[in-house]
Structures are given as C-alpha cells and as structure tokens.
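These are the residues of each chain, in order.
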Amino acid sequence: MYGGAALPCVAFLVLLGGLCPSLAIRSFPVVRGVDGRGDLRFSEAPEYRNGPQCPRRDRYDGGALGATDSCDASLVHIAMTLDSEYLRGSIAAVHSVLRHASCPENVFFHFVSAEFDPVSPRLLTRLVRSTFPSLNFKVYIFREDTVINLISASVRQALENPLNYARNYLGDILDPCIGRVIYLDSDLVVVDDVQKLWETPLTGSRAIGAPEYCHANFTKYFTDGFWADPVLSRVFRSREPCYFNTGVMVMDLTRWREGNYRRKIENWMELQKKRRIYELGSLPPFLLVFAGDIESIDHRWNQHGLGGDNVRGSCRSLHQGPVSLLHWSGKGKPWVRLNENRPCPLDHLWEPYDLFKPAAADTGGLLPGFSSYFA
C-alpha cells in the first residue's frame, strides 16, 4: 500500500464516522501476560510502501533498514515510549503514522522502554517486529532510577510513571547522531502526513516546537505559593508564557544538549520535592523552562484533551478547525472505554488504527467487527 492512500478515507471517517476498506491483515501468535490481565494479541499491519515520488532507499536485513541508518538525517525520526500498559495505544499510533505518511519507508521510530517493565524490552521489541515486519525502529532502555527520586506525587497516579519523564532525557538516551526528532505520546493517532510536521522550522535558538494555547489559564498549572513567591514567579518576567502540551513536540536535540535543558528541568523537579509549586506530573517543569520560548505549531497537530480531565476522563468534542492529529490526553483512553463498552463518540475515530485482537473472541484472525472490510 502506498503512503498517503488512506487520506481520502480519513476525511470521510472524520466527517461521517465511517470505516474505510483496508488490506488483508494477518494475525500472529498470542503473547501471554503482556498486560498483566491475560493474553494480548495484535494483527500484522498492512505493508505500507513509498510512493513513486519518494527518494529511493536501499534495503537491508530482509526489508529492514540497517542499524547505521538510524542516524540518517534524511529520515523522519519519531520518538515514543513503549511499555506494556500503553502498548495497544503505541501500536495504533505507529499504524496511523505509517498509514498516512507519504513516504512510510522513510520514517524511523526510536522507542524508549523502561528497564523494569513487567514485559521485558526484548519481548516488546519482538512484538513490534511481529506487528510491523518492515518497520524501521530501534529500542532504547530507560533506567527508571535516573528520575524516580525526582518524581513528586501528582493528581493522577499514572502521571507518576517514570517513563512519563523519558522525554526529558531523549538527548541522552538516543544516539548522539540524532539531531532532530518528533516526540509523540502513545495515546494519539496521526491522520495526516507526518512529513509536514517534520518540516516545521525551529527559528532562532529554539529547541522545541509545539502548538500553543494562549487562551488557557496559565496560572492554574502552578500553586498559589509559586505565584506568591516573587523570586520564583519572575522566571516568566521576560516571557509571555502560554500553555502547550508536551505529548507532541518537534525537538532539536542538538540545541537541547547544548542548552543543558535536561538539567534545567531537573532543577525545577528538585525544588518541587522541597516545596510544592505544581500539582501535575511531567508538564510543569517543561512549562517553567520553555513556556513563551517555543516555536508555535498549528493547532491541527494536537487536538488534545480527548481523554477528558485528569480525574473523571469525561467525553470531549473536537476543537474548531482542521485536524491532523487526535490526542486522548487526560484520564480516559479510547482502548479502555471501547473494552468497557462505554466509548465516547470520538473514540471511534481511534478504532480503525487498533490492531488489537481480543483472545476471547474467535474472529478467524481478524479484528472483531471488521471482517466485512477485509479482502
């Protein structure tokens, strides 16, 4: 299947909530105990190939790019975390990127996996390879003890997962040759060509780019004690800070390393351990360091908040305007709500990218409810 071929289908899907025909999908054997609650199966994704307009690339190792190509600056580099709890979301996110990429063979994924995940990084690697046999990717190990002593209690326990902080350490975790990367959360789907996001210029000395939301109440992200302290609050004195969501970022890792931004974020986390200056997890330190000094990207690249708030996870509607990326940030995750037969309307926009195959259902190797759409 050529990259970009699914775009007309997505337009129809977003407007009418319909399903698009797809290629035949094969299932592969069950991996037991991945989610701690039983069997977790995925179907093999369709084979997405470059269109004739894409630069030709040599292939190695039976269809996969050789390891040295992970440093190729001509590729689109995407970093994501990979863990057993959010694996179903990660698989759907990767599937969506490939399905809508104009040159899917020119995308390279850098997966960061926790050292002590209930499912070993080696098994997660095998699972990704089985689902996407020709995917260009590399798995890196994140040592949780790097950050665990810096994490403070948050409004939601999931936000305290050390892997949520891996984005702070991408400059150290990824190979030094990686100078630029798109960071994506695992609870989203891309419905546009990711090449467009990759080409976002980061002007001046800016290290990151993301959609900004300047209408949001920025003061709520920090405690009253923070704002009452004239020394702390003056960090924003020379900036006009706006909220941005760290689940979708274009990052210049060369500038990140040169600016020692990891250490700047850690300094705020250390202060938080001594005195409470915010309530959320990994977001506020990013805001303290970067808010008001990022490259502003079109809002279409992060229709966030679809998971509701951090307490109730209630249903949300789309923001006005075009959509290139749907993001279920917040408590509610589409795969959980679909499993529990209480989906929100927009969860059905995530469903076509889901490759999960429940063990209890006998679907003949196909996803439940999708059999009539496969050849």
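Draft legend 1. Examining the packing of helix α9 (residues 261–274) against helix α10 (residues 283–290) more closely. Between α9 and α10, whose axes approach to 9 Å, the crossing angle comes to 120°. When the axis of α9 is compared with that of α10, the two are oblique. As α9 runs across α10, the sense of the crossing is right-handed. Every residue of α10 that contacts α9 at Tyr 261, Lys 264, Ile 265, Trp 268 and Met 269 is listed here: Pro 285, Phe 286, Leu 288, Val 289 and Phe 290. Here the contact of α9 with α10 is built from residues that sort into nine nonpolar, no polar and one charged.

Draft legend 2. Summary view of the state of the cysteines. For the coordinates displayed, the defined rule picks out four disulfides. Between the sulfur of Cys 54 and that of Cys 103 lies a disulfide, 2.0 Å long from S to S. Disulfide Cys 54 to Cys 103: torsion about the S-S bond roughly -95°, handedness left-handed. You can see Cys 54 sitting in the loop between β2 (39–40) and β3 (76–81) and its partner Cys 103 sitting in the loop between α2 (87–100) and β4 (107–114), a full 49 residues away along the chain. The same class applies to Cys 54 and to Cys 103, which are both buried. Covalent S-S linkage joins Cys 315 and Cys 344, the inter-sulfur distance amounting to 1.9 Å.

Draft legend 3. The side chain of His 110, seen in detail. Here His 110 shows up in strand β4. The buried category is assigned to His 110, whose relative accessible area is 0%. In terms of polar contacts, His 110 uses its side chain to reach the side chain of His 77, at 2.8 Å. His 110 has contacts with Ser 70, His 77, Ile 78, Ala 79, Met 80, Lys 138, Tyr 140, Leu 174 and Ile 178, leaving out every residue within four places of it along the chain.

Draft legend 4. Local environment of the packing of aromatic side chains. Applying the stated rule across the entire model yields 23 aromatic pairs. For the pair Tyr 213 and Tyr 243, a centre-to-centre distance of 5.9 Å together with 40° between the ring planes defines the contact as tilted. In this pair, Tyr 213 sits in strand β9 (residues 212–213) while Tyr 243 sits in strand β10 (residues 243–244), placing the two residues 30 residues apart along the sequence. Its relative accessible area of 8% is what places Tyr 243 among the buried residues. Note on Trp 335 and Trp 350: the rings are 5.7 Å apart at their centroids and 40° apart in plane angle, and the pair reads as tilted.

Draft legend 5. Molecular detail of α10. For α10, the buried fraction is high: eight of the eight residues fall into the buried class. Within α10, burial applies to Leu 283, Pro 284, Pro 285, Phe 286, Leu 287, Leu 288, Val 289 and Phe 290. Turning to α10, the residues buried within the fold contact β8 (208–210), α6 (224–228), β10, β11 (248–252), α8 (253–258) and α9. Phi turns positive one or two residues past the end of α10, at Gly 292, with a value near 90°.

Draft legend 6. Examining the sheet that holds β11 more closely. As summarised here, the arrangement of the seven strands in space is β5-β4-β3-β6-β11-β8-β12, forming an open sheet in which the pairing is mixed. Whereas interior strands pair on both sides, the edge strands pair on one side only; in this sheet they are β5 (136–142) and β12 (295–296). Pairing geometry for β4 and β5, over seven bridges, is parallel. If you follow Phe 111 over to β5, its bridge partner there is Val 139.

The rules behind the values
- Residues numbered from 1 in each chain as written.
- Predicted model: local features only at pLDDT ≥ 70, side-chain atom pairs only at ≥ 80, totals over all residues.
- Heavy atoms only, no water.
- Axes fitted to C-alpha atoms, helices over the stretch in contact; angles between N-to-C directions.
- Helix = DSSP H or I, 4+ residues; strand = E, 2+ residues; numbered from the N terminus.
- Parallel < 35°, antiparallel > 145°, perpendicular 65-115°, else oblique.
- Left-handed = near helix turned anticlockwise from the far one by under 90°.
- Contact = heavy atoms within 4.5 Å.
- Nonpolar A, V, L, I, M, F, W, Y, C, P; charged D, E, K, R; others polar.
- Disulfide = S-S within 2.5 Å.
- Buried < 20%, exposed > 50% of the residue type's maximum accessible area, 1.4 Å probe, protein only.
- Polar contact = N/O pair within 3.5 Å; in protein donor to acceptor, adjacent residues only side chain to side chain.
- Phe/Tyr/Trp six-rings, centres within 6.5 Å; stacked < 30°, edge-to-face > 60°.
- Pairing = 2+ DSSP bridges.

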